[in-house]
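# Overview (structure and organization)
The lines below spell out each chain.
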Amino acid sequence: MSAKDTKTWRQRNPKKAKEARAKHNAKYYKFHFCPNARKPYTDEEIEAILNKSIPDKQLADIFGRSVKAIELKRHFLKKERKND
């Protein structure tokens, strides 16, 4: 099927196209980018992140999370404490 045919099929069958896209996204993007996104942070992890006595790279290796996730968690924890 060419791109032109796919486009016309999507226009003719919008409901089926939406279902197909949702099925595809559910299958391929469930935990693809961040497998630990649903894993809650423990109190020890939060303490270590806020203390910043250990470099982020080492924390990432210890916790099994990405450096970016640790940086974001620190940012949002500080922002949350600032608002309280």
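What counts, and at which threshold
- Within each chain, residue numbers correspond to sequence positions counted from 1 in written order.
- A pLDDT threshold of at least 70 governs which residues receive local features in this predicted model, and a stricter bar of 80 or more applies before side-chain atom pairs are shown or counted, although totals over entire chains, interfaces and linings include all residues.
- Calculated side-chain values reflect all of the structure's heavy atoms, with hydrogen atoms and water omitted.
- Whenever Lys or Arg places a side-chain nitrogen within 4 Å of a carboxyl oxygen from Asp or Glu, that contact is recorded as a salt bridge.
- By the criteria applied, helices consist of DSSP H or I runs no shorter than four residues and strands consist of E runs no shorter than two, each listed in order from the N terminus.
- Here's how the labels work: a residue is buried when its accessible area is under 20% of the maximum for its type, exposed when over 50%, partly exposed in between, all with a 1.4 Å probe on protein chains only.
- Nonpolar core, defined: a set of buried Ala, Val, Leu, Ile, Met, Phe, Trp, Tyr and Cys residues in which side-chain atoms within 4.5 Å join the residues together.
- Two residues qualify as a contact provided that any one of their heavy atoms is within 4.5 Å of a heavy atom in the partner residue.
- Simply put, an axis is a line fit to the C-alpha atoms, just over the touching stretch for a helix, and the angle between two N-to-C directions goes from 0 to 180 degrees.
- For this classification, under 35 degrees means roughly parallel, over 145 means roughly antiparallel, 65 to 115 means roughly perpendicular, and everything else is oblique.

Evaluation of the coordinates by the stated rule reveals three salt bridges. The salt bridge partner of Glu45 is Arg65, with a shortest N-O separation of 3.7 Å. Placement of the pair is Glu45 in helix H3 (residues 43-51) and Arg65 in the loop between helix H4 (56-63) and helix H5 (67-83), with a sequence separation of 20 residues. Judged on exposure class, the residue Glu45 and its partner Arg65 are both buried. A salt bridge links Asp61 to Lys57, with the nearest nitrogen and oxygen atoms 3.5 Å apart. Pair noted here: Asp61 and Lys57 are both in helix H4, with a separation of four residues, about one helical turn. As far as the burial class goes, Asp61 and Lys57 line up, both exposed.

Moving on to the nonpolar core. In terms of nonpolar packing, the biggest core is built from six residues, these being Ala48, Ile49, Leu59, Ala60, Phe63 and Ile70. The set of elements that each furnish at least two residues to this core consists of H3 and H4. The greatest single-element share of this core, amounting to three residues, is contributed by H4. If we skip the residues at most four places from it in the chain, Ile70 touches Tyr41, Ile49, Asp56, Leu59, Ala60 and Phe63.

Further remarks concern the packing of helix H1 (residues 3-12) against helix H2 (residues 14-28). The relative placement of two packed helices is expressed as an angle between their axes plus a distance between the axes. Packing of H1 against H2 brings their axes to within 5 Å, and their N-to-C directions diverge by 110°. Relative to H2, the element H1 lies roughly perpendicular. On the side of H1, the interface is formed by Trp9, Arg10, Gln11 and Arg12, while H2 contributes Pro14, Lys16 and Ala17.

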